[in-house]
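Chain by chain, the residues run as shown.
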Amino acid sequence: GLLDLFNINNNIRISMSTSTNELKKINEYHEKNNEESYRVCDLDIQINDLLFHYEDVGFRLKGNTSRGLVLNNDNTINQRHYKLCFNECFDDEYRTDSYSFKDENEPIYREDRTFFGLEKLDIRWNKNKESTYIREYYAFETYRNNGNLAPRSNPFNFEMNIDGTIHNAGIYLAVEPIDKDFIKRNIIENHASGDLYKLGWANYNSARF
């Protein structure tokens, strides 16, 4: 299933269903110095004729200089990068409201909930206006085909269902996150020791590890 998601020959569609209130909360956290708090959505992932439905998936903004308001004052939607989390429990330190699952045991069940082994999935819009939409995909594949570690990726059609109104967000790129699960999938245990560093930005002025 994971390889099907990242197979460029497959027709992939992802639909995120959420509310205006959740998007306003995303805006609120962004305006508070990029605080990261997952909000709630339902997710449909379609691979050719197969449809996978997930409820109560976490989503938040992703990126450095690409972050911004998702929802405008006139309720139009801006394209943004998102991180999706399939096992999110919505209990992080930044939340200003509580979230209750229908089943009180749900936080226990979802500790191991994944999408074919993915706890999280990054989805990126074409911020650089790259005309082919697939140069980043082929760059990752070039690294992988030459024996270097690189995430799997695949372009897909992204829809946002906001309070029942569907917005076609265009072509996005699904990207395998580089995290502990990525290491488990790609590096044998005897060679998996050490540190994993992420390049970040300090006030958008310089890159820091």
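Figured I'd write up the structure that's included with this text. (Residues numbered from 1 in each chain as written. Predicted model: local features only at pLDDT ≥ 70, side-chain atom pairs only at ≥ 80, totals over all residues. Heavy atoms only, no water.)

Each pocket or cavity is described by its volume, and for the second largest pocket that value is around 330 Å³. Around the second largest pocket, the lining is made up of 16 residues, and of these Trp125, Asn126, Lys127, Asn128 and Glu136 lie nearest the centre. Residue assignment for the lining of the second largest pocket shows that the elements contributing at least two residues are β5 (120-125), α4 (135-145) and β7 (165-175). Looking at the lining of the second largest pocket residue by residue, the class counts come to 8 nonpolar, 3 polar and 5 charged. (1 Å grid on protein atoms, 1.4 Å probe; cavity = no way out; pocket = protein on both sides within 12 Å on 5 of 7 lines; lining within 4 Å. Points joined across faces, edges and corners; volume = space filled by probe spheres on them. Helix = DSSP H or I, 4+ residues; strand = E, 2+ residues; numbered from the N terminus. Nonpolar A, V, L, I, M, F, W, Y, C, P; charged D, E, K, R; others polar.)

On to α4. Each turn of an α-helix holds 3.6 residues, which means side chains three or four residues apart point in the same direction. When α4 is considered as a whole, its buried residues turn out to be Tyr137, Phe140 and Glu141. Burial along α4 is one-sided: seen end-on, the buried residues are contained in an arc of 100°. Tucked inside the fold, the buried residues of α4 contact β5, β6 (153-162) and β7. Backbone geometry just downstream of α4 places Gly147 in the positive-phi region, at approximately 80°. (Buried < 20%, exposed > 50% of the residue type's maximum accessible area, 1.4 Å probe, protein only. Arc of directions from axis to C-beta. Contact = heavy atoms within 4.5 Å.)

A few words on the pattern of salt bridges. Pairing is possible between side chains of opposite charge, provided their charged atoms come close. Counted under the stated rule, the structure contains 13 salt bridges. Ionic pairing is found between Arg110 and Glu106, a salt bridge with its closest N-O pair at 3.2 Å. In this structure Arg110 comes out as buried when scored by relative accessible area, which is 1%. Between Arg185 and Glu176 there is a salt bridge, with its nearest N and O atoms 2.9 Å apart. Taken together, the shared-partner salt bridges connect Glu22, Arg39 and Asp97 into one network. (Salt bridge = Lys/Arg side-chain N within 4 Å of Asp/Glu carboxyl O.)

Strand order in this closed barrel of 7 strands is β1-β2-β3-β4-β5-β7-β6, and the pairing throughout is mixed. In this sheet, adjacent strand axes meet at a mean angle of 40° when their direction is disregarded. As paired strands, strand β3 (residues 50-61) and strand β4 (residues 82-85) are joined by 4 bridges and run antiparallel to one another. Residue Phe59 lies in a different strand from β4, and its bridge partner there is Leu84. (Pairing = 2+ DSSP bridges. Axes fitted to C-alpha atoms, helices over the stretch in contact; angles between N-to-C directions.)

Moving on: the nonpolar core. With 33 residues, the main nonpolar core has Leu5, Leu43, Tyr82, Leu121 and Phe158 as its most contacted residues. Here Tyr82 is in contact with Phe59, Arg60, Leu61, Lys62, Val70, Leu121, Asp122, Ile123, Phe158, Met160 and Tyr172, once residues within four sequence places are set aside. (Core = buried A, V, L, I, M, F, W, Y, C linked by side-chain atoms within 4.5 Å.)

Turning our eyes to something else, we now look at the packing of aromatic side chains. By the definition in use, this model includes 15 aromatic pairs. An angle of 85° between the planes, with centres 5.4 Å apart, marks the rings of Phe52 and Phe116 as edge-to-face. Pair noted here: Phe52 is in strand β3 and Phe116 is in the loop between α3 (106-109) and β5, with a separation of 64 residues, a long-range link. We classify Phe52 as partly exposed; its relative accessible area is 23%. (Phe/Tyr/Trp six-rings, centres within 6.5 Å; stacked < 30°, edge-to-face > 60°.)

All right, on to unusual backbone geometry then. Even without being glycine, Asp56 reaches a positive phi, approximately 55°. Take Asp56: it is sitting in strand β3. If you check the backbone angles, Phe90 has positive phi at about 60° while not being a glycine. In this fold, Phe90 is placed in the loop between β4 and α3.

Burial analysis of strand β1 (residues 12-18) places 5 of its 7 residues in the buried class, which makes it a mostly covered element. Relative to strand β2 (residues 39-47), β1 runs antiparallel, the two sharing 6 bridges. Within β2, the residue paired with Arg13 across the bridge is Gln46. Pairing analysis gives 6 bridges linking β1 to β6, with the strands arranged parallel. Its bridge partner being in β6, Ser17 is matched across the sheet by Asn161.

The analysis is restricted to geometry; functional conclusions fall outside its scope.
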